[in-house]
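Take a look at the letters that make up each chain.
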Amino acid sequence: MLEERYEKTEAGRAEIKVRTLVQARVARNLLLVIDASKTGGDWVGVVQGAAPTDLELLVQHQLVKVTAGAPLSRPMGPASIATPMGSGAPSSRMSGASASRPAPSRLAGAPTSSLPYQELYAALSTFAKQQGLLKGYKIALEVEQCADMTQLTTLALDIIDRVRAAKGDAAAHELRATLGFN
């Protein structure tokens, strides 16, 4: 269970708004941040106080589901331990964990941004700051973990998809243009 990657279901997105099934703060925090960028075990480790039972609760209520595709196989050792965030060029950030993460296959034939790495990074960071404290922090962490243009582009496309699901096509189209995906 902890090796699988999870994504929110429609019921999970609705639960975030209505708050009826999951009352425990830790489980709610886990529901807020969980996505397919990390394994369930990684997310349990990131959310302070979370335990595998919190993830099980989300699965039982069908608020999250296993993503399509195989679970991530991660090497054990220093590279699998999260390191402090840095700044600057991609090589100075997250040298181990995100660099070993395979690029998702969704990039095959996917659009690419016309912005260079630094500008796309800055645009996504600016977008994150506009999203409020928790949501913005989560996006900022995701941006910070991108070690190269491929990962940054994948994240940008994922964020566009999230905006489309939450706010509709017009908002997604506007963000898409801002991020250089014309």
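Summarised in this report is the structure supplied together with it. (Residues numbered from 1 in each chain as written. Predicted model: local features only at pLDDT ≥ 70, side-chain atom pairs only at ≥ 80, totals over all residues. Heavy atoms only, no water.)

Look at helix H5 (residues 117-129) against helix H7 (residues 149-167): their axes get within 11 Å of each other, and the N-to-C directions meet at 35 degrees. The hand of the H5/H7 crossing is left-handed. Facing Tyr117, Leu120, Tyr121, Leu124 and Phe127 of H5, the residues of H7 in contact are Met149, Leu152, Thr153, Ala156, Ile159 and Val163. Of the residues belonging to the contact of H5 with H7, the class tally is 10 nonpolar, one polar and no charged. (Axes fitted to C-alpha atoms, helices over the stretch in contact; angles between N-to-C directions. Helix = DSSP H or I, 4+ residues; strand = E, 2+ residues; numbered from the N terminus. Left-handed = near helix turned anticlockwise from the far one by under 90°. Contact = heavy atoms within 4.5 Å. Nonpolar A, V, L, I, M, F, W, Y, C, P; charged D, E, K, R; others polar.)

Before going further, it helps to spend a moment on the pattern of salt bridges. Tallied over the full model, the rule gives 10 salt bridges. The partner of Glu10 in a salt bridge is Arg13, and the shortest N-O contact between them spans 3.7 Å. Highlighted residues: Glu10 and Arg13, both in helix H1 (residues 10-18), separated by three residues, approximately one helical turn. Classification of Glu10 by relative accessible area gives exposed; the value is 61%. What makes Arg13 partly exposed here is its relative accessible area of 35%. For Arg164, the salt bridge is made with Asp169, and the minimal N-O distance between the two is 3.0 Å. Of the residues examined, Asp169 reaches a relative accessible area of 55% and is grouped as exposed. Through salt bridges with shared partners, a single ionic network connects Asp35, Lys138, Glu142, Asp158 and Arg162. (Salt bridge = Lys/Arg side-chain N within 4 Å of Asp/Glu carboxyl O. Buried < 20%, exposed > 50% of the residue type's maximum accessible area, 1.4 Å probe, protein only.)

Before going further, it helps to examine the nonpolar core. Of all hydrophobic cores here, the largest spans 22 residues; its most connected members are Leu120, Leu124, Val143, Leu152, Ile159, Leu175 and Leu179. Looking at this core, the elements that each hand over two or more residues are H5, helix H6 (133-144), H7 and helix H8 (169-178). Filtering out sequence-adjacent residues up to four positions away, Val143 remains in contact with Tyr121, Leu124, Ser125, Leu152 and Leu155. (Core = buried A, V, L, I, M, F, W, Y, C linked by side-chain atoms within 4.5 Å.)

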